[in-house]
Amino acid sequence: MAQPPTFFDGAHHFRMDRTTIYSIAGNHYNLNALNVQMDDLVRRLNPILDASHTRNRKRSPPDSECFPGTREEPIQEVVVWADSGEMYRICTRKASWRRLAEYTTIKTPHVYWLHGFAGCGKSSISLAVAKIYAGSGRLLASYFFFRGAGDRSTMNRFAVTLATQLVAAIPAAAPLVEAAIRAEPGVVTGEASLAMQLDLLLLSPFLAVVDDAALRDTLTKGPFLIVIDGLDECEDRQAVEELIDHILKFFEEHPTVPLRIFIASRVEQHIRVCLETDGVVLGNLDSHSADSDIEKFLEASFTTVAKKDRVVRAYVRTHGSWPTESDKSKLIKHIKGSFVLASTIFKYIVQPPTTEDPTTPMERLPLTLGMNGLDDLYSQTLAHSQHLPHFRNVISTITLLVYALPIAEISAILGIEAFEVVRVLLNLQAIIHVPGTDEEGRVTLCHTSLRDFLTTESRSGSFFVPPSFHIYLSYYCFSLVIERNHIQTGDYRWMNFVHHWELFARSGDCDFLTEIEQFKARQPLLVNRVTYHAFLFSMLFRTVMDLQTFRPLDNQPYVLTESANQLVLAANCPGPRTQRWLEKGLYYGTPQRSTVQFTEHTHEILQHDLQRASTAIRANFPGVLENRPSSTGEQKMLVVNHRDLSGTDIFNALQWIVARGHFKWEELRAAPRPPLSLSISRGAPDERLFSFD
């Protein structure tokens, strides 16, 4: 078959300066003229750069890779499916000593779902599959979800990330993606549905260019492949269902499209219901015994340690090989096919001795045989640092951060020295990845199961990290944002002090009002942070603006009245930090809508506290309230810019609520005064409208 012409056909006696050449499907493309447009397109897509198989796994978990010579059988099964033509041979009955295996041939499904229990090696297989097809030029995109990793645990930027990889793999798709963004800007801002994002940014552009002559050689090898790992770690279950339903519908409408999608996840009910269908190959990783693979891993790993560790080397010279065959057999039986348990146990056994745990690897190995799976191993490891100062805050912070941070940033949030964070983490390196420097690299959990353990009280006991700790993270981040005169808008604290509050307020596992009271009781007035009264005043008002999206509160007026009470207390804490809070505009996220019952009793409390606060502010912070006219209540609507809201702005908003409520009652001339309905709705972008009408 004639080969399609390449970029260089017929060219001679030429030179190229500062030219970038891309090789796609064996053909060469000069994209120098398109570099500016391509860069601009990638900026507009704003993909997640550490979600693919090429990410730095030390910084962006999961850090999973198949040990050489392991998991070959399940990987080969995926390869056979991905390389199949229109028909696919499946095993309907496995071979036994009595009979041969039985097979049947079906039309090749476009989707392969590999499922298995936590830690059985799914992510490692996903990585291996992605590498295989990246090497042959047939990998269209890969995406590795990970819980607790910011947007990688949601669908928010899933489609734009795949689209970015699409235009890198097939540059001819770039103009189509760009045209889609111009026609429907919502596909990159998140306003469009996930289905529309997938259609306009990924599926339709692929359909339009798949017959391009430049792809002919690649497609002779087989269809393109998308790898999606850890789908169960996406926290938006509804979006997961929408994704699966949409891609299955797409393949029904386009049964001959040369595209396959490989999905790996745990068996969660919302995923099982969608994927257990005729159009999907079901690959059960639990059915593949991992004992021999784990034996290979342990054999090689212990051999390496015996060569490098002086203590182990000396022990082997005296006592012979270590571990013994008996110990290895017991260990493999104890691990029960879990690669994450095998890896974690190995790290635990060979970790360097510390003051808290001076035992040798030879002494630790028999201890692991008495542990009941990962939970006991996690508890045993965490206990090594449990007695250290700041242990609970460090572990809780790492567990609940929206995404992983370096040691220096964790210490800044907690208000402690970096060495104090390191001191806690050094004993936990069997289960937590600790970077080599304080500023570079991120502290990450070695496996998602550790987060599951720490956030499930029945499993973790005294190590339990409650969802109420989000209120402390919100306060720590808030105070740092107030403290810093210059802080980048992309800074973790700037972006997430509201998000941590929302996670606390929306949690169904803790009582909102009780936790607020407990926070007040436990929180001392810290001289190096803005007063927590200012924090509570601001965040309770933020809650007022978004009551509809939080859990139902039995006592709505409490949020308003307690907010005013905290304002009085904050106004009586003179100092530069409180003044900065009163004057500094902050971004309070995107509240949706709210309706609050406003009673005469609430009005009286607010009026009394606002007068006290006004007196204290004028006494302690002269000039802050100057040139700010008080509300008469005649203004029918108040416009609040939640992107640039200072403490004084919130004070003025409460004054308007009090004045407008009084004005409305005067209009009604009713006795007793009936409850009013305070409505807070969306106005222009970044604006919220307050009204009693």
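Residues numbered from 1 in each chain as written. Predicted model: local features only at pLDDT ≥ 70, side-chain atom pairs only at ≥ 80, totals over all residues. Heavy atoms only, no water.

Peer 1: Mind showing me how you'd approach the environment of E86 here?
Peer 2: Mapped onto the elements of the fold, E86 is located in the loop between α2 (72-83) and β3 (87-93). Judged by its relative accessible area of 64%, E86 is exposed. C-alpha separation for the pair E86 and H110, spaced 24 residues apart in sequence, amounts to 9.9 Å. Residues contacting E86, with those up to four places away along its chain left out, are I106, K107 and T108. (Helix = DSSP H or I, 4+ residues; strand = E, 2+ residues; numbered from the N terminus. Buried < 20%, exposed > 50% of the residue type's maximum accessible area, 1.4 Å probe, protein only. Contact = heavy atoms within 4.5 Å.)

Peer 1: Explain the pattern of salt bridges here, please?
Peer 2: Two side chains with opposite charge may pair up if their charged atoms get near one another. The tally for this structure, following the rule as stated, stands at 29 salt bridges. With a closest N to O distance of 2.5 Å, K328 and E299 form a salt bridge. Linking K328 in helix α13 (residues 325-335) with E299 in helix α11 (residues 291-308), this pair joins segments that are 29 residues apart in sequence. Residue classification places E299 among the partly exposed residues on the basis of a relative accessible area of 35%. (Salt bridge = Lys/Arg side-chain N within 4 Å of Asp/Glu carboxyl O.)

Peer 1: Please clarify how the sheet that holds strand β9 (residues 280-284) should be interpreted in this entry.
Peer 2: Sheet strands pair via backbone hydrogen bonds, and the direction of the pair is either parallel or antiparallel. Read across the open sheet, the five strands follow the order β6-β7-β8-β5-β9; overall the sheet is parallel. Looking at which strands have only one partner, the edges of the open sheet turn out to be β6 (139-144) and β9. The sheet shows a mean angle of 15 degrees between the axes of neighbouring strands, direction not considered. Summarising the sheet, strand β5 (residues 111-115) and strand β8 (residues 259-265) pair through five bridges and their orientation is parallel. Across the sheet, residue L114 finds its bridge partner in β8, namely A264. In the packing of α2 onto the sheet, the strands contacted are β5, β7 (224-229), β8 and β9, and the crossing angle to β8 comes to about 155 degrees. Of the strands in this sheet, β5, β6, β7 and β8 touch helix α3 (residues 122-135), which is tilted by about 160 degrees from β7. (Pairing = 2+ DSSP bridges. Axes fitted to C-alpha atoms, helices over the stretch in contact; angles between N-to-C directions.)

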